[in-house]
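Spelled out from the first residue to the last, the chains are:
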Protein chains: 2
Amino acid sequence: MKPEGISLIGFGAGSPGGKQFRAQDPARGVALDPAFVSATPGDVERACFLAAQAAPVLATLGGAERGKLLRAIAAKIEAHAAPLVARAMQETALGEVRLQGEVTRTVNQLRLQAGVAEAGDWCDARIETALPDRKPLPRPDHRSMLRPLGPVAVFGSSNFPFAYSVAGGDTASALAAGCPVIVKAHPAHPGVSEMVARLVSEAVRECEWPEGTFSLLFDAGFEVGQSLVRHPAVRAVGFTGSRQGGRALMDLAAARPEPIPVYAEMGSINPVFLMPGALAERGDALAEGLANSATLSVGQFCTSPGVVVLERSGAAEEFVRKLAARLGAVPEAAMLHAGIKANFDRAVKERAKVTGVRTAVGAGLPREQTESGHSAVAEAMADKKAPPTGKCSAAPVWFETDAETFCGTAALKEEIFGPSAVIVWCQHRNEVLLVAKALEGGLTAAIHASASEAAEQAALVAVLADKVGRVILNGFPTGLEVSTAIVHGGPYPATSDGRSTAVGTRAITRWARLVCYQNFADDLLPPELQNANPLKLRRMVNGEWTDGKL
Amino acid sequence: MKPEGISLIGFGAGSPGGKQFRAQDPARGVALDPAFVSATPGDVERACFLAAQAAPVLATLGGAERGKLLRAIAAKIEAHAAPLVARAMQETALGEVRLQGEVTRTVNQLRLQAGVAEAGDWCDARIETALPDRKPLPRPDHRSMLRPLGPVAVFGSSNFPFAYSVAGGDTASALAAGCPVIVKAHPAHPGVSEMVARLVSEAVRECEWPEGTFSLLFDAGFEVGQSLVRHPAVRAVGFTGSRQGGRALMDLAAARPEPIPVYAEMGSINPVFLMPGALAERGDALAEGLANSATLSVGQFCTSPGVVVLERSGAAEEFVRKLAARLGAVPEAAMLHAGIKANFDRAVKERAKVTGVRTAVGAGLPREQTESGHSAVAEAMADKKAPPTGKCSAAPVWFETDAETFCGTAALKEEIFGPSAVIVWCQHRNEVLLVAKALEGGLTAAIHASASEAAEQAALVAVLADKVGRVILNGFPTGLEVSTAIVHGGPYPATSDGRSTAVGTRAITRWARLVCYQNFADDLLPPELQNANPLKLRRMVNGEWTDGKL
């Protein structure tokens, strides 16, 4: 099982004439075989044409069939985990255990969405039967449900080559909803993208779904992605990546003659609030947990903590010294690709120049800063090892600042993608609340508090619940549960659409819209809305939920 | 109870210094007292400031309290129906019975949303309890629900001075969700807007809700509305009106530093497909029903039929002759305001010039068209009465064309707001399907078919279900049920967001977003997610729906 370097347009191959590019091994700094051919405008056109043809067919396929396809894809990925992980290791420099775990998560996500499709209740079927004798007017029979939007363009992320990529969360939920999917592969891991895509394509063929159910397009640049988002056949977009990239797609989609929904997940700074009692109770464990959470996979998680907020005290300074020692001991490691590493370097260099901000951990730390009484971290890091030299390698670079500077500086509230964070020192509890209020929209916020402190956090929780999609008590934001109750979303700029979640069973509804059938004969209705309730759905019938027949 | 002509900013009055305008009586063509003062930038700022202050308070008010406020508003409107209707008649030229019915509908909508808020299930509460011993990783406790977005800007419509205006559907569902509302009054009916707003404001005060819960802003132009949509405190927009107006707000909202959701309902052409068997079975009733539906309130409904599709036959031509006779007998009547009348005149004039289109019913019909063998309508209308002369008055103006012209002419697929429609003659059944496929996104589509024909409409239904929010069998699109199963929405350009409905119990969710609480102590959780289930909600607990405790 080896990548061939060509887009998959339905069951066929893309045009061989496009521009070529290669994946890089970021750890070794070498180009990988084979060369990949960027999709041509004709390839995009054909993928969209096939998807548009497939869409009405998929809309009629039942949940059982959708589940079957998703389970077939999951089984194939599971069966080919070893070569997939091997290629992903080369292309992303992520570790084997992490990638094996990600394959497992991806397979679980596919099966979770299969279960959602099979159960069928997600479609929110509602029935109001006719009241022909009602005065002054009779009531007609109304039956409504969610139906698939149509072809979806999915942009694979750089940091999750499996779970948010070709057969990742968006693809799984879109197929579960009955939407054809056209994936724009992330150019940093085209090989594993193609390998997964071939498995998806095999499953589509074996399950006898239409050819246009799935396509994969390569492009080292932006043209293919832009064409996809502009294409009239495309009805929605899923994206996981940078704010800049996500916003560009949002703007393109909003400027279309017929604007379409974009679900862009653009990262987050994931603030962690550390209360004094929690530090007193379990400072060592918190230092370990925070250092781990912030440096996992070289800090390249959208849930990676990027801001740590604490009240200044001797104990807090002692905690930060311990934290800094742990961070300082984290070996440098290759980031996902040279572009991300270059962005990381530029961002930390710019942040270091912000007035009122001190570099606290990491490369380039000027010795004179260690003399500042404010720099507990810098002290601990005074005899840090030499800066990393590997081309794509990065080690933690942390900053510290005071609450006033943080609140007044927009640049400090933006995510630096990679192992970097800002420690925000507050003078008192009110400042902690001001910092929370100053935050942009995010995916998560975490509070660590002792049992007695937790009870006093209502005001902070209220502020954070208005800012993020998930508020965590005494936990770290990394390590996301894929489940029925999870929310992976949040207000802009964390996502383009804070009403939706990218993860969990609820994600399926982002690819659907409500349709109502008025006064329909039973045999013209979709099975979800028929009297006999052949799919045994939980439906709202005349205002009451029931899983019975009419 | 008389309007005073000034914006309501919370419990206070707007600045008296703004530009002035007056409502017009479109039937009599005279200006009405009093003069209304446009809100100033300072008024907008204060309304937004108050709303932002109120938002976190409203988010904590329970469903019972939200229901109480909505019921108080409903009771006040009900109690003042007579003066409200009297003023609305002057400002809109709509009939008394129609307006009384609309007040009833508005009151019912408020009570429906009160019931939704009181029941509380709309928040989609989901709980997954912790599995501390799970391997390889423990599962944390996750609890999630929908929470209010924050301040909502609502733009009142011209054609529903009650039901889609100050205390209309969007306001009712936004308050039910726990969002403060700032209404931009439609300048064509400022008097009735102010009267309703004072009732809302009284109810807010009596229920002891925060001052920022509700404001009403006047403006004869666009500045106030644009400022509202751009204001950082505003988190979502509800709009009912023209495509041009809705798209302008969509573009403004999408261009914000933090884009926000816009729910714009921009009208629809509401095609009606008439099958031969239905014409044979009940042609007279269909002609009567269609003529009524298309001319109700001078065709000024967003669900007014604007396209009639039939296969050419002697019987169909006979039907159209009967239809035309009925349409021709509809007396001219005043439209909502002079601007709408001017747009109507311009639109029908332009449509009459389209190659392949014949004016079939109505003013300005050139006699020579009656000689065309294609113009069954024109024949019936040959001795039509003289064109209407009243300044705002309009009578039906209908067109006819062939399927090929319709499919190939974008302008024919756009709504003309008012009593105008296009009859599309098809040569055969396949052409009917082509016409359906050529349609833009719409709110509704209706099919009239005999019992045996209905069974053959699966292909047409599938095409229409992909185009509109409500597909109707043997009924007309006007007369919308406000209920649990209704959908009033549809793909762009009918609305800005086809995933949502403007009408019915589901509308509440458009003003909310998901938030997840991880590992929270029970007393820090909102009551919706607490173990004891104090609100007795139907919740998903560990994957199963239950209304019990944990």
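Quick note: structure is the one above.
What you are looking at is a predicted structure, and each value in this text was computed from that prediction instead of being measured.

A few words on the packing of helix α14 (residues 429-438) of chain B against helix α16 (residues 458-465) of chain B. The angle between the axes and the distance between the axes are what describe a pair of packed helices. Residue and element names in this part refer to chain B. The N-to-C vectors of α14 and α16 enclose an angle of 10°; their axes lie 9 Å apart at closest approach. In terms of orientation, α14 and α16 fall into the roughly parallel class. Within the contact between the two elements, α14 uses Val432, Leu433, Ala436 and Lys437 and α16 uses Ala459, Leu460, Val463 and Leu464. Within the contact of α14 with α16, the residues separate by chemical class into 7 nonpolar, no polar and 1 charged.

Counting residues at the interface gives 58 residues for chain B, matched by 58 residues for chain A. Going through the elements one at a time, β7 (126-128), β8 (142-148), α8 (243-255), α16, β22 (468-473) and β23 (512-518) of chain B are the ones with two or more residues in the side of chain B that touches chain A. Looking at the side of chain B that touches chain A, its residues break down into 30 nonpolar, 15 polar and 13 charged. As paired elements, strand β22 (residues 468-473) of chain A and β23 of chain B share 3 bridges and run parallel to each other.

Turning to the relation of the copies chain B and chain A, a few remarks are in order. Once chain B is rotated about the relating axis by 180° and shifted along it by 0.0 Å, it coincides with chain A to within an RMSD of 0.0 Å. Expressed as a symmetry operation, the mapping of one chain copy onto the other fits a two-fold axis. Judged by C-alpha distance, alanine 254 of chain B is the residue of chain B that lies nearest the rotation axis, at 3.3 Å. Both copies contact each other with a shared surface, as 100% of the interface residues of chain B are interface residues in chain A too.

To continue, consider the sheet that holds strand β20 (residues 420-426) of chain A. Taking strand neighbours across the sheet as the criterion, the 12 strands line up as β17(A)-β19(A)-β20(A)-β15(A)-β14(A)-β21(A)-β22(A)-β23(B)-β8(B)-β7(B)-β24(B)-β25(B) in an open arrangement whose pairing is mixed. At either end of the open sheet lies a strand with only one pairing partner, and these are β17 (358-361) of chain A together with β25 (544-546) of chain B. Neighbouring strand axes in the sheet, compared pairwise and without regard to direction, differ in orientation by 25° on average. Here helix α16 (residues 458-465) of chain A sits on the sheet and contacts β14 (271-274), β21 (442-448) and β22 of chain A together with β8 and β23 of chain B; the angle it forms with β22 of chain A, its principal contact strand, is near 150°.

Parameters and conventions
Residues numbered from 1 in each chain as written. Chains lettered and ligands numbered in written order. Predicted model: local features only at pLDDT ≥ 70, side-chain atom pairs only at ≥ 80, totals over all residues. Axes fitted to C-alpha atoms, helices over the stretch in contact; angles between N-to-C directions. Helix = DSSP H or I, 4+ residues; strand = E, 2+ residues; numbered from the N terminus. Parallel < 35°, antiparallel > 145°, perpendicular 65-115°, else oblique. Contact = placed C-beta atoms within 7 Å. Nonpolar A, V, L, I, M, F, W, Y, C, P; charged D, E, K, R; others polar. Pairing = 2+ DSSP bridges. Least-squares fit on C-alpha atoms with pLDDT ≥ 70 in both.

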